[in-house]
Amino acid sequence: MKISDVMTGKLVRVDPRSSLKEALTLMLERNIRRLIVGNAQGIVTIRDLVYGWDNGNKVVEEVMNRDLLMISPEADAKQASKIMTKKGVGSLLVARDEEVVGIVTERDLLRVLTVSEGVNVGDVMHVDPLISAPETTVLEIIKAMKDNWERHAIVVEDNLPSGIVSIRDVGRAILEGKVNSPVSGIMKRPVFRTTPDSSLEIARKIMVQENVGFLPVVDSRALLGSVEEREILAVISI
């Protein structure tokens, strides 16, 4: 399958001198995680905005990524997964004759690329995910996410997941002035989950069906780990 078949052609742009608040508001309004900065001077993600917030006093060009990775719309989708895995990024700009015509993300690829048989969640899961108590504040979660380079935290009660906090949830809480509130007030339920002996392909299908990029891995008694889009794409790219 070609990149042109899966990419998003409508690019949402932000001015490099826009405030982080303006950029974050635009992302949440459009339900996206990335913005093209100006005439492709850079790209800024929701993680860049949250990690670089600093009371919102910065502007986009201070936190954006200028090292843009491009791919042709005629390239194969699996080739995009290989590039994303090798470079550790979640998206590629799509360019034709040096003109940026779209963007392709991890989630776009996860919808169309499948995992080979014989790979289970336990083979690739992250065994030390970021966890949180319900009473942990949003501000504390922001610091923990930044320190550990994570986009999700699992809220745990009685050794099992009771909610998920994503970087998007944190971004919304920042705009709403809730950084000193407990994460129990912003976490998402229900918690979609998987088990170590489930096939990775089933985990991929759950993510696609429920439009999530992260699943806790559990047994009947405890949280064991997590699996996210990037780990699945790494297997697909082999």
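The rules behind the values
- Residues numbered from 1 in each chain as written.
- Predicted model: local features only at pLDDT ≥ 70, side-chain atom pairs only at ≥ 80, totals over all residues.
- Heavy atoms only, no water.
- Helix = DSSP H or I, 4+ residues; strand = E, 2+ residues; numbered from the N terminus.
- Rg over C-alpha atoms; globule rule 2.2 N^0.38 Å.
- Buried < 20%, exposed > 50% of the residue type's maximum accessible area, 1.4 Å probe, protein only.
- Areas by Shrake-Rupley, 256 points an atom, 1.4 Å probe, with all protein chains shown as cover.
- Lys, Arg positive; Asp, Glu negative; His and termini not counted.
- Charge placed at Lys NZ, Arg CZ, Asp CG, Glu CD.
- Contact = heavy atoms within 4.5 Å.
- Pairing = 2+ DSSP bridges.
- Axes fitted to C-alpha atoms, helices over the stretch in contact; angles between N-to-C directions.
- Salt bridge = Lys/Arg side-chain N within 4 Å of Asp/Glu carboxyl O.
- Parallel < 35°, antiparallel > 145°, perpendicular 65-115°, else oblique.
- Left-handed = near helix turned anticlockwise from the far one by under 90°.
- Nonpolar A, V, L, I, M, F, W, Y, C, P; charged D, E, K, R; others polar.

Visitor: Now, about the overall build of the chain: what can you tell me, with residues and values included?
Guide: Each helix and strand counted, the chain has 10 helices and 11 strands in total. Taking 238 residues into account, the globule formula puts the C-alpha radius of gyration at 18 Å, and the chain, at 18 Å, falls close to it. Across its three principal axes, the chain shows a C-alpha extent of roughly 55 × 45 × 25 Å. Residues classed as buried in the chain amount to 52% of the 238 residues present. When the accessible area of the chain is evaluated, it comes to approximately 11,800 Å², of which 47% is carbon and sulfur surface. Charge centroids of the chain, computed over 31 positive and 34 negative side chains, lie 3 Å from each other.

Visitor: Run through helix α10 (residues 229-236), naming residues and quoting values.
Guide: Burial runs high along α10: six of the eight residues are buried. Along its buried surface, α10 packs onto α4 (77-87), α5 (106-112), α6 (121-124), α9 (200-210) and β11 (223-228).

Visitor: Account for the sheet that holds strand β1 (residues 13-14), with residues named and values stated.
Guide: Hydrogen bonds along the backbone pair up the strands of a sheet, which may run parallel or antiparallel. Here three strands make up an open sheet; going across it, the order is β1-β2-β3 and the pairing mixed. Two strands close off the open sheet at either side, each with one partner strand: β1 and β3 (42-45). Bridging between strand β2 (residues 34-37) and β3 involves four bridges; their strand directions are antiparallel. Within the sheet, the bridge partner assigned to I36 lies in β3 and is I43. Running over the sheet, helix α2 (residues 20-30) touches β1, β2 and β3 and is turned about 130° from β2.

Visitor: Residues and numbers for the pattern of salt bridges, please.
Guide: With the rule as written, the count across this model stands at 13 salt bridges. K178 is the salt-bridge partner of E176, the closest N and O atoms lying 3.1 Å from each other.

Visitor: Explain unusual backbone geometry to me, using residue names and the numbers behind them.
Guide: Going from R189 to P190, the amide bond is cis rather than trans, its omega being -5°. Here P190 shows up in the loop between α8 (167-175) and α9. Phi at N31 takes a positive value of approximately 60°, unusual for a residue other than glycine. Its place among the elements puts N31 in the loop between α2 and β2. Under the relative-accessibility criterion, N31 is labelled exposed at 51%. A positive phi is found at E98, a non-glycine position, where the angle reads about 70°. Following the sequence through the fold, E98 ends up in the loop between β5 (91-96) and β6 (99-105).

Visitor: Which residues make up the sheet that holds β6, and what are the values?
Guide: Read across the sheet, three strands follow the order β4-β5-β6 without closing on themselves; strand pairing throughout is mixed. Single-partner strands in this sheet number two, and they are β4 (70-71) and β6. The pairing of β4 with β5 spans two bridges and is classified as parallel. Within β5, the position partnered with M70 by the bridge is L93. α4 contacts β4, β5 and β6 of the sheet and is inclined by roughly 130° relative to β5.

Visitor: Can you lay out the packing of α4 against α10 for me, pointing to particular residues and giving the numbers?
Guide: One way to put it is that α4 packs onto α10 with a least axis distance of 9 Å and a crossing angle of 120°. The pairing of α4 with α10 is recorded here as oblique in orientation. You can see that α4 and α10 cross each other, and the crossing is left-handed. Residue-level contacts link K78, S81, M84 and T85 of α4 to L233, A234 and I236 of α10. Taken together, the residues of the contact of α4 with α10 sort by class into four nonpolar, two polar and one charged.

Visitor: Explain the pairing of strand β10 (residues 214-218) to me, and be specific about the residues and the numbers.
Guide: Most of β10 sits out of view: five of its five residues are buried. Two elements, β10 and β11, share five bridges in a ladder whose sense is antiparallel. Looking across to β11, one finds that V218 is bridged to L223. As consecutive antiparallel partners, β10 and β11 are separated by four residues.

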